[in-house]
Amino acid sequence: EVQLVESGGGLVQPGGSLRLSCAASGFTFSRFFMTWVRQAPGKGLEWVSTINAGGGSTTYEDSVKGRFTISRDDAKKTLYLQMNSLKPEDTAVYYCAGMGTTPIYWGQGTQVTVSS
């Protein structure tokens, strides 16, 4: 059974940091591009960042460039998203996804709330 389990979300003040984790099982994690996607209240899904298989290439949505860092540990089958300088507009449910040409596998999401 394929599972992606996110953790690390929570309430943080503007300017703060959080590190999200996504633990994978049931598929060959190392062979997959992995992505973080978020959904803000009342809005649609928004792509945040993608990392290739092997971790040598990363891409980011413009609003998070320079603040967020995606990484992976294939030995631990875990995807990460380090989020710094958080802003209220980063408030959303964050999902990790295993990618084919489109997302194939989805986690259940973790809530990130940025508020004073």
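Structural data are supplied above this passage.
Calculation notes
- Within any chain, residue numbers begin from 1 and follow the written order of that chain's sequence.
- Only residues with pLDDT of at least 70 are given local features in this predicted model, and only at 80 or more are side-chain atom pairs given and counted; all residues enter the totals for whole chains, interfaces and linings.
- Water and hydrogen atoms were dropped before computing side-chain values, which therefore reflect all heavy atoms in the structure.
- Any Lys or Arg side-chain nitrogen found within 4 Å of a carboxyl oxygen on Asp or Glu counts as a salt bridge.
- Accessible area is worked out with a 1.4 Å probe on protein chains only. A residue is then buried under 20% of its type maximum, exposed over 50%, and partly exposed in between.
- A strand pair is defined by DSSP finding two or more bridges across the two strands.
- Strands are runs of DSSP state E lasting at least two residues, helices are runs of H or I lasting at least four, and both sets are numbered from the N terminus onward.
- Note on geometry: axes are lines fitted to C-alpha atoms, helical ones only across the stretch in contact, with angles between N-to-C directions running from 0 to 180 degrees.

(A) Just the pattern of salt bridges, in detail. Across all of its chains, the model carries five salt bridges by this definition. Here Arg38 and Glu46 are joined by a salt bridge, their closest N and O atoms 2.6 Å apart. Among the residues examined, Arg38 registers a relative accessible area of 5% and is labelled buried. Classification of Glu46 as partly exposed rests on a relative accessible area of 29%. As a salt-bridge pair, Asp62 and Lys65 come within 3.1 Å of each other at their nearest N and O atoms. For Asp62, a relative accessible area of 58% translates into the label exposed. The network of salt bridges with shared partners includes Arg38, Glu46, Arg67 and Asp90.

(B) A look at the sheet that holds strand 3 (residues 18-25). As summarised here, the arrangement of the four strands in space is 1-3-8-7, forming an open sheet in which the pairing is antiparallel. Two strands bound the open sheet, and with one partner strand each, they are strand 1 (3-7) and strand 7 (68-73). Sheet twist, expressed as the average angle between the axes of neighbouring strands with direction ignored, equals 15°.

(C) Looking closely at unusual backbone geometry. The backbone of Lys77 shows a phi angle near 55°, a positive value even though the residue is not glycine. Considering the arrangement of structural elements, one finds Lys77 in the loop between strand 7 and strand 8 (78-83). On the basis of relative accessible area, Lys77 is assigned to the partly exposed category, the value being 38%. A positive phi is found at Ser85, a non-glycine position, where the angle reads about 50°. Here Ser85 shows up in the loop between strand 8 and strand 9 (92-99).

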